[in-house]
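What follows is the residue order along each chain.
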Amino acid sequence: MIKYKENASLLPHNTFGFDVKASMLVEYNHEDDLPHIFSDERVAGRKFLHIGQGSNLLFVNDFDGVVLHSRIKGIKIASQSDDMVLIECGAGEVWDDLCQWCVQHGFYGLENLSGIPGEVGAAAVQNIGAYGAEFGDLAVAVAVYDVVNNRHAIISAADCQYGYRMSIFKTDEFRNRFVVTSVLLRVSRNGELNLEYGNIKAALLERGYSLTAHLSKRASRMPGVKSITLSGLREVILAIRQSKLPDPAVFGNAGSFFKNPVISSAKYKQLSATWPDMPKYDVDADFVKVPAAWLIERSGCKGRRIGDAAVYDKQCLVLVNRGKARPEEVVKLSDAIIRTVSDRFGITIEPEVNII
Ligand code: EPU
């Protein structure tokens, strides 16, 4: 079923909580609806924007064009072997519902990506990531509707060119060409839990878990030993996220507002002479990623506000709408942060959020 709505409020479709309008909002629940939608006179030839839950978007103005939203549902096992399972999932499923489904079925791979807001189609576009895992690591292929050639197609994960919060679906060339309809992911029945990233181990120890017992069947069954399981790890990840990231129902936000900048190892070495506690994640031999949150905090932006737009005090990477912020205040705050960080560190940070 296809629903067309003119002059539609996007308030329920953006987690910043801005009451902007789209000239037309189209919602549909089957991939075969797409050829009809794009040949409909209300849509054909007009500017369009496909959204998911709007959890990574900042609408600065009303959208003079067509906003599309998929309600394509369904999570199913496409094929399986003793170890591997291929999961097919509709673009309109909520990402975390898919994570929960996999964990409930004992499938490893998505647990570290638990709790990321948004829908599956957007996850494939954005290459969402957290706690050492990324969508692209699990993707086998992405099914799309090709708007330009009016046909359905399958794009292999390699051809999606996944990088840090990047894919071909975000490039100027393909942004308005492909609509993601479903994804094919590879998960495993006998995976290993990835506890390496950031504060996962600290959070497990705080909760009384052994960090090694899960590696041996015998140790994990020993009385008094709290061994981490797939579902246990999901719960811990959800708890870490909840303690650090604001709930959009309380303060509108779009998660990390900025990307963590990648700089050369030489530049990092130079900076760390002045800032010996500057954290980094190694990218390769020549480049490192520096946490934007740290740069923002150390340049004095913690708690900074413009009107009701503010830097979230528990995680400086997140900008929040404290109630009545206007979109332009968020943009002004973002610009001011970018300038301040650049003045102090000579590093230009970039928004991760898509500013429309
Ligand atoms: N830090 C500060 N000040 C703060 C917050 C953090 O100095 O206010 C420091 C921390 O001490 C830590 C470092 O910054 O050393 C990194 O912080 P954290 O581990 O919280 O993660 P991040 O690098 O800031 C990234 C992703 C998140 C993802 C987490 C966990 C980006 C842009 N963000 O944040 O993704 O959940 O790692 O894997 O890559 C998102 O994309 O919306 C998102 C939330």
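Residues numbered from 1 in each chain as written. Predicted model: local features only at pLDDT ≥ 70, side-chain atom pairs only at ≥ 80, totals over all residues. Heavy atoms only, no water.

1. A look at the overall build of the protein chain
No. 1: Secondary structure summary: the protein chain contains eleven helices and 20 strands in total.
No. 2: Here the C-alpha radius of gyration of the protein chain, 21 Å, is about what a compact globule of 356 residues would show, namely 21 Å.
No. 3: C-alpha extents for the protein chain along the principal axes are approximately 65 × 55 × 40 Å.
No. 4: For the protein chain, with 356 residues in total, the buried portion stands at 49%.
No. 5: Sequence-distant contacts in the protein chain: of pairs separated by 6 or more residues, those separated by 24 or more amount to 61%.
No. 6: In the protein chain, the 41 positive side-chain charges and the 42 negative ones have mean positions that sit 6 Å from each other. (Helix = DSSP H or I, 4+ residues; strand = E, 2+ residues; numbered from the N terminus. Rg over C-alpha atoms; globule rule 2.2 N^0.38 Å. Buried < 20%, exposed > 50% of the residue type's maximum accessible area, 1.4 Å probe, protein only. Contact = heavy atoms within 4.5 Å. Lys, Arg positive; Asp, Glu negative; His and termini not counted. Charge placed at Lys NZ, Arg CZ, Asp CG, Glu CD.)

2. As for the pairing of strand β5 (residues 63–70)
No. 1: Counting buried positions over the eight residues of β5 gives seven, a clear majority of the element.
No. 2: Sheet topology places strand β3 (residues 48–51) next to β5; four bridges connect them, and they run parallel. Opposite Phe48, over in β5, you have Val66 as the bridge partner. (Pairing = 2+ DSSP bridges.)

3. Looking at the environment of Val225
No. 1: Relative to the assigned elements, Val225 resides in the loop between α7 (217–220) and α8 (230–244).
No. 2: Separated by eleven residues in the primary sequence, Val225 and His214 place their C-alpha atoms 9.8 Å from one another.

4. A look at the site of the ligand
No. 1: Taken together, 23 residues sit near the ligand, with Tyr131, Tyr164, Lys244, Glu297 and Glu352 positioned nearest.
No. 2: One of the side-chain nitrogen or oxygen atoms of Tyr197 is found 3.4 Å away from an oxygen atom of the ligand.
No. 3: In the environment of the ligand, an oxygen atom lies 3.0 Å from a nitrogen or oxygen atom belonging to the side chain of Gln315.
No. 4: Taken by itself the ligand offers 840 Å² of open surface, and the protein chains cover 81% of this.
No. 5: Residue assignment for the shell around the ligand shows that the elements contributing at least two residues are β8 (129–130), α8, β13 (252–256) and α10 (292–298).
No. 6: Here the shell around the ligand gets three residues from one element, more than from any other, and that element is α10.
No. 7: Looking at the shell around the ligand residue by residue, the classes come out as twelve nonpolar, five polar and six charged.
No. 8: When residues are assigned to domains, the shell around the ligand turns out to be shared by domain 2 (73–244) and domain 3 (252–355), each giving three or more. (Near = heavy atom within 4 Å. Polar contact = N/O pair within 3.5 Å; in protein donor to acceptor, adjacent residues only side chain to side chain. Areas by Shrake-Rupley, 256 points an atom, 1.4 Å probe, with all protein chains shown as cover. Nonpolar A, V, L, I, M, F, W, Y, C, P; charged D, E, K, R; others polar. Domains from an automatic or database assignment.)

5. What about the pairing of strand β6 (residues 75–80)?
Consecutive side chains of a regular strand alternate in pointing toward one face of the sheet and then the other.
No. 1: When β6 meets strand β7 (residues 84–90), the two strands line up antiparallel, connected through five bridges. Residue Lys76 lies in a different strand from β7, and its bridge partner there is Glu88.
No. 2: Following β6, the chain reverses through three residues before pairing antiparallel with β7.

6. Some words on the state of the cysteines
No. 1: Counted according to the given criterion, the structure contains zero disulfides.
No. 2: The structure places no disulfide on Cys102, whose sulfur is separated from the nearest cysteine sulfur, that of Cys99, by 7.0 Å.
No. 3: Free of any disulfide, Cys301 has its nearest neighbouring cysteine sulfur in Cys316, separated by 8.1 Å. (Disulfide = S-S within 2.5 Å.)

7. A short note on the domain arrangement of the protein chain
No. 1: According to the domain assignment, the protein chain consists of domain 1 (3–70), domain 2 (73–244) and domain 3 (252–355).
No. 2: For domain 1 versus domain 3, the distance between C-alpha centres works out to 30 Å.
No. 3: Taken residue by residue, the interface counts ten residues in domain 1 and 17 residues in domain 3.
No. 4: A combined buried area of about 1100 Å² lies between domain 1 and domain 3, and 62% of that area is made up of carbon and sulfur atoms.
No. 5: Contact with domain 3 buries surface across domain 1, with Phe16, Asn56 and Leu58 losing the most and accounting together for 57% of the total.
No. 6: The interface formed by domain 1 and domain 3 includes zero salt bridges.
No. 7: Linking domain 1 with domain 3 are five residue pairs in polar contact (both at pLDDT 80 or more), by the criterion used here.
No. 8: Considered class by class, the residues forming the side of domain 1 that touches domain 3 number six nonpolar, four polar and no charged. (Buried area = accessible area lost by both parts, 1.4 Å probe. Salt bridge = Lys/Arg side-chain N within 4 Å of Asp/Glu carboxyl O.)

8. Concerning unusual backbone geometry
Keep in mind that most residues, glycine aside, have a negative phi and that most peptide bonds are trans.
No. 1: The backbone phi angle of Asn7 is positive, close to 45°, even though this residue is not glycine.
No. 2: Considering the arrangement of structural elements, one finds Asn7 in strand β1 (residues 2–9).
No. 3: On the basis of relative accessibility, which here comes to 52%, the residue Asn7 falls in the exposed class.
No. 4: You will see that Arg165, though not glycine, has its phi angle at about 50°, which is positive.
No. 5: When its relative accessible area of 13% is taken as the criterion, Arg165 is described as buried.

9. Points about the side chain of Thr340
No. 1: The residue Thr340 is located in helix α11 (residues 327–345) in this model.
No. 2: Separated by 2.7 Å, the side chain of Thr340 and the backbone oxygen of Ala336 make a polar contact.
No. 3: With residues near it in sequence (within four places) discarded, Thr340 still touches Ser299, Cys301 and Arg304.

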